[in-house]
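Summary of structural features
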Amino acid sequence: MIKAALIIFALMLAVVPSLSSCQPIRPDPVEHEANLFHEPGLATTRSPVAPFHLSKYDNVSVYTIEESDNDGRSLLHVSYPVTEHGAINARMKEVALEFIDEYRVASEEIEAAYQEYRRDTGRVEATLVTSYRQHFDVSAADTNMIFFVVSGSRYVGGWSDEQAYGYFFERRSGLEMLASDLFVDYLYVQRLSDLTRSALEKRARAAIAEIDFDSDAARSKWLELSEKWIRDATPPAPEAFDNILFGEDGTLRVRLDVYQVVPGLEGVVEVEVAIDEIADLLRADVRQLLARMSPVDVPFPQPVLKGQGAGTPLSQSLQPPVEEQPSCLEVPCVALTFDDGPSIYTERLLDILKEHDVRATFFVVGQSARIHAATIRRMDEEGHQIGNHTWNHPNLTELSDELIQEQIQRTDSIISQIIGETTPHMRPPYAAYNDHVLAVSGMPFILWSVDPLDWRDRDPEIVAARIIASPAGAIILAHDIHRTTVEAMPSIVASLKGKGIRFVTVTELLGPQTLESGHTYFRQSDRE
Ligand code: ZN
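So, a few notes on the structure that sits alongside this text. (Residues numbered from 1 in each chain as written. Predicted model: local features only at pLDDT ≥ 70, side-chain atom pairs only at ≥ 80, totals over all residues. Heavy atoms only, no water.)

**Some points on the overall build of the protein**
The following threshold applies: Numbering of helices and strands starts at the N terminus; helices are DSSP runs of H or I of at least 4 residues and strands are runs of E of at least 2. Accessibility here uses a 1.4 Å probe with only protein chains present; expressed as a share of the type maximum, an area under 20% marks a residue as buried, one over 50% as exposed, and anything in between as partly exposed. The contact criterion used is simple: two residues touch if any of their non-hydrogen atoms lie within 4.5 Å. Per-residue accessibility takes into account occlusion by the displayed protein chains alone, with areas from the Shrake-Rupley method and a 1.4 Å probe.
Within the protein one finds 15 helices and 16 strands. Counting over 528 residues, the protein shows a buried share of 52%. When contacts within the protein are restricted to residue pairs at least 6 apart in sequence, those whose partners lie at least 24 apart make up 71%. Element-wise, carbon and sulfur atoms account for 52% of the exposed surface of the protein, whose accessible area totals about 23,600 Å².

**Here we look at helix H11 (residues 401–419)**
Every α-helix carries 3.6 residues per turn, so stepping three or four residues along brings you back to the same face. In plain terms, the rule: The span one expects for a helix is its residue count, reduced by one, times 1.5 Å. Along the arc lie the directions from the helix axis toward the C-beta atoms.
Spanning 19 residues, H11 covers 27 Å between terminal C-alpha atoms, matching the ideal 27 Å at 1.5 Å per step. Looking only at H11, the buried set comprises Ile404, Gln407, Ile408, Thr411, Asp412, Ile414, Ile415, Ile418 and Ile419. Down the axis of H11, the buried set is contained in an arc of 165 degrees. They therefore lie on one face. Exposed and facing more than 90 degrees away from the buried side of H11 are Glu402 and Gln409. In the segment just after H11, Gly420 is the residue with positive phi, at about 80 degrees.

**A short note on the state of the cysteines**
Selection rule: Here, two cysteine sulfur atoms that lie within 2.5 Å of each other are counted as a disulfide.
By the definition in use, this model includes 1 disulfide. Disulfide pairing is shown between Cys328 and Cys333; the S-S distance is 2.3 Å. Looking down the S-S bond of the Cys328 and Cys333 bridge, the torsion is -95 degrees, so its handedness is left-handed. Since its relative accessible area comes to 8%, Cys328 is described here as buried.

**A few points about the coordination of the zinc ion**
The cut-off we apply is this: The donor set covers N, O and S atoms within 2.8 Å of the metal, switching to 3.2 Å for Na, K and Ca, and it leaves out water, so a site may look short of donors.
For the zinc ion, the full set of protein donor atoms is Asp340 (OD), His389 (NE2) and His393 (NE2), and the range of their distances to it is 2.0 to 2.2 Å. Judged by relative accessible area, which is 1%, Asp340 ranks as buried. For His393, a relative accessible area of 0% puts it in the buried group.

**Structural notes on the side chain of Thr346**
Inclusion rule: Identification of polar contacts relies on pairs of N or O atoms within 3.5 Å, with a donor-acceptor requirement for protein atoms, meaning one able to donate a hydrogen and the other able to accept it, and with residues adjacent in sequence counted only if both atoms are side-chain atoms.
Counting through the fold element by element, Thr346 comes out in helix H8 (residues 346–355). Within the local environment of Thr346, its side chain forms a polar contact with the side chain of Asp480, the two groups lying 2.8 Å apart. Among all residues touching Thr346, those that are not within four sequence positions of it are Phe362, Thr375, Met379 and Asp480.

**What to know about the packing of aromatic side chains**
To keep it simple, the criterion reads: Only rings of Phe, Tyr and Trp enter the pairing, Trp through its six-membered ring, and a pair is recorded when the two centres are within 6.5 Å. The plane angle decides the type: under 30 degrees is stacked, over 60 is edge-to-face, the rest tilted.
A complete count under the given rule lists 13 aromatic pairs for this structure. Plain terms: the ring middles of Phe136 and Phe148 are 6.1 Å apart, the flat faces sit at 85 degrees to each other, and that makes the pair edge-to-face. Of this pair, Phe136 sits in strand E3 (residues 130–141) while Phe148 is found in strand E4 (residues 145–156), placing the two residues 12 residues apart along the sequence. On the basis of relative accessibility, which here comes to 1%, the residue Phe148 falls in the buried class.

**Brief notes about the sheet that holds strand E7 (residues 244–246)**
Inclusion rule: In this scheme, strands are said to pair when DSSP sees at least two bridges between them. A fitted line through C-alpha atoms represents every axis, and for helices the fit uses only the stretch in contact; the resulting angles, taken between N-to-C directions, go from 0 to 180 degrees.
The 3 strands are arranged E7-E8-E9 in an open sheet whose pairing can be described as antiparallel. Every interior strand has two partners, whereas the edge strands, E7 and strand E9 (269–274), have only one. Along the sheet, successive strands turn relative to each other by an average axial angle of 25 degrees, direction set aside.

**A word on the nonpolar core**
One recurring pattern in soluble globular proteins: nonpolar side chains tend to sit buried together. Counted only if it meets this: Side-chain atoms within 4.5 Å are what join buried Ala, Val, Leu, Ile, Met, Phe, Trp, Tyr and Cys residues into a set we call a nonpolar core. Bear in mind that the domain bounds are from an automatic or database domain assignment.
By size, the foremost hydrophobic cluster in this structure holds 65 residues, and its most contacted members are Phe148, Phe338, Phe362 and Ile376. Broken down by element, this core gets its largest block of residues, 7 residues, from helix H3 (residues 86–121). When residues are assigned to domains, this core turns out to be shared by domain 1 (22–157) and domain 3 (325–526), each giving three or more. Residues in contact with Ile376, not counting those within four places in the same chain, are Pro342, Val364, Ala369, Ile386, Ile415, Ile418 and Ile419.

**Regarding the side chain of Glu66**
Note the following rule: All tallies of charge rest on Lys and Arg as positive and Asp and Glu as negative; His and the ends of each chain are not included. By salt bridge we mean one thing: a side-chain nitrogen of Lys or Arg within 4 Å of a carboxyl oxygen of Asp or Glu.
Examined against the element boundaries, Glu66 turns out to sit in strand E1 (residues 61–69). Among buried charged residues, Glu66 stands out as having no salt bridge; its nearest opposite-charge side chain is Arg458, 8.3 Å away. Within polar-contact distance, the side chain of Glu66 engages the side chain of His393 at 3.0 Å. A polar contact of 3.5 Å, which involves the side chain of Glu66, links it to the side chain of His479.

**Describing unusual backbone geometry**
Following Gly341, the chain continues into Pro342 via a peptide bond in cis, with omega recorded as -5 degrees. The residue Pro342 is located in the loop between strand E10 (333–339) and H8 in this model. Positioned with a positive phi, Thr390 is a non-glycine residue whose angle comes to about 75 degrees. By the secondary structure assignment, Thr390 is in the loop between strand E12 (385–388) and H11. Here Thr390 falls in the buried class, since its relative accessible area comes to 0%. Despite not being glycine, His393 shows a phi value in the positive range, around 65 degrees.

**Details of the pairing of E9**
Side-chain alternation along E9 places Val269, Val271 and Val273 on a buried face and Glu270, Glu272 and Ala274 on a face that remains uncovered. With 6 bridges joining them, strand E8 (residues 251–256) and E9 adopt antiparallel strand pairing. What sits directly across from Thr251, in E9, is Ala274.

**Thoughts on H8**
The complete set of buried residues in H8 reads Thr346, Glu347, Leu349, Leu350, Ile352 and Leu353. At the C-terminal side of H8, Asp357 shows a positive phi close to 55 degrees.

Right, here's the structure in full:
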């Protein structure tokens, strides 16, 4: 029995192997973004450091990098925050690039192993995918401070790894604060050590209780050992507690490094501590900031639900009568679609579309939609359609049924909080889906017939030329996370309109009655 226990134990201790990723995923993904912070018109349309109370997301935008390589086997989707302060932005970008580099090293190893496997077996495994996704959230913010949680997940065909880090900044100076800067007294180290130790001991005891030992003596020995290891993992030293993050539920999460893994705990160890248990040692301004953060995330006022109540709403009666447009069965149409936003470029894109009276469809990422709630509201008000592109852009073929549904429903819920309507259709990230994902998602899947490769060729003229060549009936893929794509739009619109082509939403192109759950749509002729 001891042998079995040893094996279990060894498994428990197994330290997460260092991951790797695919090929250099693309040329430097951020070189195109070099002049980002010199484009004030694009960076933010809101005034910097205005007094704000409504939302911790005020003055925060999302910058997203999406890449794929090795015939789509290596996928990268990384978002990081852009704020009113260049120093904060530079640091958060640096963090993102470090994670990307780490992933690339790992991904290259995996790709090399895959190529060897192909040579040896002659088999092509389309499902062997490596991916890295990174997102962020604002865990707390006021005019003086802003706290981020950056979370990343790496996936290599069956093996995955999650990480999360807290970052803290003074907002006016842009200076980064360390975890230790959030406390008034060095005693916090002892307190965190005590709290995390007792939590881990409880967990280890529960795990050891599950193991079938030969004797009580053997069990006691293991308990003793685990206590020692836990003591070693939680020394009253600041280095042990340098990664802490604040949850939306009024908790402080302590993340312990993998080498500190103890029995009954695998991977990175996270311990939750109620803020109350450490509040007396927090800086007064930090304590106040956290106290102001609502445990329930309500970043915007409740919307007025459309179609509620009887009679014609006042706003509708004040609107000019809508011109009857010929349907897409009578005139040539295309549907422009934009994925992965909203981003720092989306407001500019909306300006262009408005100026040219063009309707488009946005497949938004829920987590970015929450941050850019005002942009989502504007899309809706200006006649665009909002589709579901999941909460944080995972490869759905890698997820359980529950997680697939959560990805879709969470996004639906944030969209309906903002505009009062759920999303009518979705687009799976990386176009990665199979019959099972299609069935579990319970939504119509909108793919595309024209792909201008705007993520790869960051050149407005090239992107424009490819889109302009679209036939009538096309669903056109584009990304509003690339400045160059947004810059390509005026000439695209002018040229296609010159050919008499109308820009419509996906639903208009396909006809709403034809959109069926579990079906895929690539172009207008897919309507029934
Ligand atoms: Zn996408």
